[in-house]
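# Topology and contacts: notes
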Amino acid sequence: MLTAAFTGMRWEELVGLHRNNALRERRQRHDGGVFTCPIIRVDKEVGALAEYYARNEEGKRKIFRGLEPPKNEKSARDIDVPPFLAELLEKHLASWPYDYVFCTPTGKWWWRSEWFRIIRPAADGRDARPKARGTAVKEKWDPIMPGLTMRDLRHTHDTWQEQIDVRPVLGYEQMGHKYPGIKGTYRHPTPPMRQERIDGLQELYERGLKNLGWESVWES
């Protein structure tokens, strides 16, 4: 959820993210030195998990699930990651035994329907349920953000970019969109633009923790 909100990655990019692409490094010459920052790479060849029906050799419909190129050419990209998220991903990968960063507890790719089943009670809340045959007691959960979807988190990220004044040419790049017109050919993101975006996202996260009274979570 945090990675979706603070990177703007699509569902299929998140589920298809291999650990080898989760924490790479951007290196860009700047002011006589080299600007570096951690990145998540959406691979141009196998950067997204595809799910669709296809016909087998016998003509029968069968669900296909596998890694394919992302949505379009611009969707293959390197996404700059703020420090807090880089640290969380590093800790996650240190104890995560599977190749894919955001897979099921048994190392399988999530089905969209299964993830939807999990996110709905977390976001919308649920009523308590007594123990019944074959099911355990379920405690009541208060709603966190009713109606929240993964697409909403991607939209939130783009809105945050506007809020923290990310330069359009960089904002388009990070979302995997084509910058319109001739300016998309002539303009390119610079290291100071990238650092401003990273700092802005970091500040949003830390302010959120402070508003919730959770500063100790980050400090620990």
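Residues numbered from 1 in each chain as written. Predicted model: local features only at pLDDT ≥ 70, side-chain atom pairs only at ≥ 80, totals over all residues. Heavy atoms only, no water.

### Let's talk about the nonpolar core
With 31 residues, the main nonpolar core has Phe6 and Met150 as its most contacted residues. Contributing elements (two or more residues each) for this core: α1 (2-7), α2 (11-15), α3 (83-95), α4 (112-124), α5 (150-163) and α8 (191-212). By residue number, the principal contributor to this core is α3, which donates five residues. Listed in part, the five residues of the second largest apolar core include Val166, Val169, Leu170 and Met193. (Core = buried A, V, L, I, M, F, W, Y, C linked by side-chain atoms within 4.5 Å. Buried < 20%, exposed > 50% of the residue type's maximum accessible area, 1.4 Å probe, protein only. Helix = DSSP H or I, 4+ residues; strand = E, 2+ residues; numbered from the N terminus.)

### Overview of the pattern of salt bridges
This model, assessed by the stated rule, comprises 13 salt bridges. A salt bridge links Arg26 to Asp80; the nearest nitrogen and oxygen atoms lie 2.7 Å apart. With a gap of 54 residues between them, Arg26 in strand β1 (residues 24-30) and Asp80 in strand β5 (residues 78-80) connect regions that are remote in the sequence. Like Arg26, the residue Asp80 is buried in the burial classification. (Salt bridge = Lys/Arg side-chain N within 4 Å of Asp/Glu carboxyl O.)

### Remarks on the packing of α5 against α8
It is the contact of α5 with α8, at a shortest axis distance of 10 Å, that shows an interaxial angle of 110 degrees. As summarised for this structure, α5 and α8 are arranged roughly perpendicular, according to the angle between their axes. Where α5 crosses over α8, the handedness of that crossing is right-handed. Here His157, Trp160, Gln161 and Gln163 of α5 come into contact with α8, specifically with Arg197, Leu201, Leu204 and Arg207. Within the contact of α5 with α8, the residues separate by chemical class into three nonpolar, three polar and two charged. (Axes fitted to C-alpha atoms, helices over the stretch in contact; angles between N-to-C directions. Parallel < 35°, antiparallel > 145°, perpendicular 65-115°, else oblique. Left-handed = near helix turned anticlockwise from the far one by under 90°. Contact = heavy atoms within 4.5 Å. Nonpolar A, V, L, I, M, F, W, Y, C, P; charged D, E, K, R; others polar.)

### A word on the confidence of the model for the protein
Note: predicted coordinates in regions of low pLDDT should not be interpreted at a detailed level. For the protein, mean pLDDT is 91; residues scoring 70 or higher make up 97% of the total. Mean pLDDT values for the elements of the protein range from 64 in helix α9 (residues 215-219) up to 98 in β5. (pLDDT = per-residue confidence, 0-100.)

### Re the sheet that holds β5
The antiparallel open sheet is built from three strands, whose spatial order is β1-β2-β5. On the outer flanks of this sheet lie β1 and β5, each paired with one strand and no other. The mean angle between the axes of side-by-side strands here comes to 50 degrees, regardless of whether they run parallel or antiparallel. With three bridges connecting them, strand β2 (residues 33-41) and β5 associate as antiparallel partners. Looking at β5, one finds that Ile40 is bridged to Ile79. Together, β1 and β5 form the strand contacts of helix α6 (residues 168-175), whose direction differs from that of β5 by roughly 120 degrees. (Pairing = 2+ DSSP bridges.)

### Let's talk about a nonpolar patch on the surface
Together, Tyr53, Ile63 and Trp111 give the surface a local cluster of nonpolar side chains, amounting to about 320 Å² of exposed area. Mapped onto the secondary structure, Ile63 falls in strand β4 (residues 61-68). A residue is classified by how much of its surface remains accessible, and Ile63, at 35% relative accessible area, is partly exposed. (Patch = residues over 30% accessible without salt bridge, like charges linked within 9 Å, V, L, I, M, F, W, Y side chains within 5 Å. Areas by Shrake-Rupley, 256 points an atom, 1.4 Å probe, with all protein chains shown as cover.)

### Looking at the packing of α3 against α8
Between α3 and α8, the shortest axis-to-axis distance is 8 Å and the interhelical angle comes to 75 degrees. With respect to α8, the axis of α3 lies roughly perpendicular. Judged by residue contacts, Pro83, Phe84 and Leu88 of α3 engage Ile198, Leu201, Gln202 and Tyr205 from α8.

### A word on a negative patch on the surface
Together, Asp158, Glu162, Asp165, Glu196 and Asp199 make up a region of like negative charge exposed at the surface. For the negative patch, the elements supplying multiple residues, two or more each, are α5 and α8. For Glu196, the position within the fold is in helix α8. (Lys, Arg positive; Asp, Glu negative; His and termini not counted. Charge placed at Lys NZ, Arg CZ, Asp CG, Glu CD.)

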